[in-house]
Amino acid sequence: MRFRIGQGYDVHRWVRGRPLVLGGVEIPHEAGLLGHSDADALSHAICDALLGAMAMGDIGLHFPDNDPAYEGISSLLLMEKVMAMVRQAGWRVSNLDATVVAQRPRLAPHIPVMRERIAGVLGVGVDRVSLKATTSEGLGFVGREEGVAAQAVVLLEKRGGQGDEH
Ligand code: MG
């Protein structure tokens, strides 16, 4: 098997008094997301996509939210740990495509930095990392500004082929 695909989905609730972190980037906003870690829903969706491609469960399994070790932890660090599992299992990331669904704030200005940061952790060029942001047109829990959702699809390819390095 040369390729494996995985998808991830995550939601976090808006809360006052916490920083907003998405894709490893702190974004100025009047509210942040509630969670045991830094509540970076985008990074969590990406971790779940990576684990899903390997059929290795989800981040809740590997980094339980009742473990004090992960309290307030940067989700990029969790992604680094997941990438260690990816490499250990003989895979590398071919590409990532992800979407954040948030009514506010406007995320477009932050996407280039988020792409760079995530590409760095995944060990690929930014040309293999696609990030999009959309609103939900005011509909549902995202539109009522109760929470933020993120989804990600990732393709893994087997390492060790010809011209393998990238
Ligand atoms: Mg989460």
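Everything below is about the structure printed above this text.
These numbers come from a predicted model, not from an experiment.

Chemist: Account for helix α1 (residues 41–53), naming residues and giving values.
Modeler: Between the first and last C-alpha of α1 there are 18 Å, a value that for 13 residues agrees with the 18 Å anticipated at 1.5 Å per step. With twelve of 13 residues buried, α1 lies mostly within the body of the structure. All of the buried residues along α1 are Ala-41, Leu-42, Ser-43, His-44, Ala-45, Ile-46, Cys-47, Asp-48, Ala-49, Leu-50, Leu-51 and Ala-53. Two residues or fewer after α1 comes Ala-55, characterised by a positive phi angle close to 55°.

Chemist: Residue-level account of the coordination of the magnesium ion, with values.
Modeler: Binding of the magnesium ion to the protein goes through Asp-10 (OD), His-12 (NE2) and His-44 (ND1), at separations of 2.2 Å. Counting residues between consecutive donors of the magnesium ion along the chain gives the motif D-x1-H-x31-H. A residue pair is termed long-range when its members are at least 10 positions apart, and Asp-10 in strand β1 (residues 3–15) and His-44 in helix α1 qualify at 34 residues. When its relative accessible area of 15% is taken as the criterion, Asp-10 is described as buried. Given the relative accessible area of 7%, His-44 is considered buried.

Chemist: Go over the pairing of strand β7 (residues 147–158) with me, naming the residues and quoting the values.
Modeler: Bridge analysis of β1 against β7 gives eleven bridges, and the strand direction is antiparallel. Note that in β7 the partner of Ile-5 across the bridge is Leu-155. Across ten bridges, strand β5 (residues 91–101) lies against β7 in antiparallel orientation. Looking at β7, one finds that Arg-92 is bridged to Glu-157.

Chemist: Tell me about the nonpolar core, and name the residues and values.
Modeler: Buried together is how nonpolar side chains tend to be arranged in soluble globular proteins. By size, the foremost hydrophobic cluster in this structure holds 50 residues, and its most contacted members are Leu-42, Leu-50 and Leu-122. Taken together, the elements giving at least two residues each to this core come down to β2 (20–22), β3 (25–27), α1, α3 (75–88), β5, α4 (111–122), β6 (129–134) and β7. Dropping the residues within four chain positions of it, Leu-42 is found in contact with Leu-22, Gly-23, Ala-98, Val-100, Met-114, Ile-118, Leu-131 and Ala-150.

Chemist: Tell me about the layout of surface pockets, and name the residues and values.
Modeler: What the largest pocket holds in volume is close to 240 Å³. Lining the largest pocket are 15 residues, and of these Ser-37, His-44, Ile-59, Phe-63 and Asp-65 lie nearest its centre. Put simply, the parts of the chain that give the lining of the largest pocket at least two residues each are β1, α1 and α2 (59–62).

What counts, and where the lines are drawn
- Residues numbered from 1 in each chain as written.
- Predicted model: local features only at pLDDT ≥ 70, side-chain atom pairs only at ≥ 80, totals over all residues.
- Heavy atoms only, no water.
- Helix = DSSP H or I, 4+ residues; strand = E, 2+ residues; numbered from the N terminus.
- Expected span 1.5 Å × (residues − 1).
- Buried < 20%, exposed > 50% of the residue type's maximum accessible area, 1.4 Å probe, protein only.
- Donors = N, O, S within 2.8 Å, 3.2 Å for Na, K, Ca; no water.
- Pairing = 2+ DSSP bridges.
- Core = buried A, V, L, I, M, F, W, Y, C linked by side-chain atoms within 4.5 Å.
- Contact = heavy atoms within 4.5 Å.
- 1 Å grid on protein atoms, 1.4 Å probe; cavity = no way out; pocket = protein on both sides within 12 Å on 5 of 7 lines; lining within 4 Å.
- Points joined across faces, edges and corners; volume = space filled by probe spheres on them.

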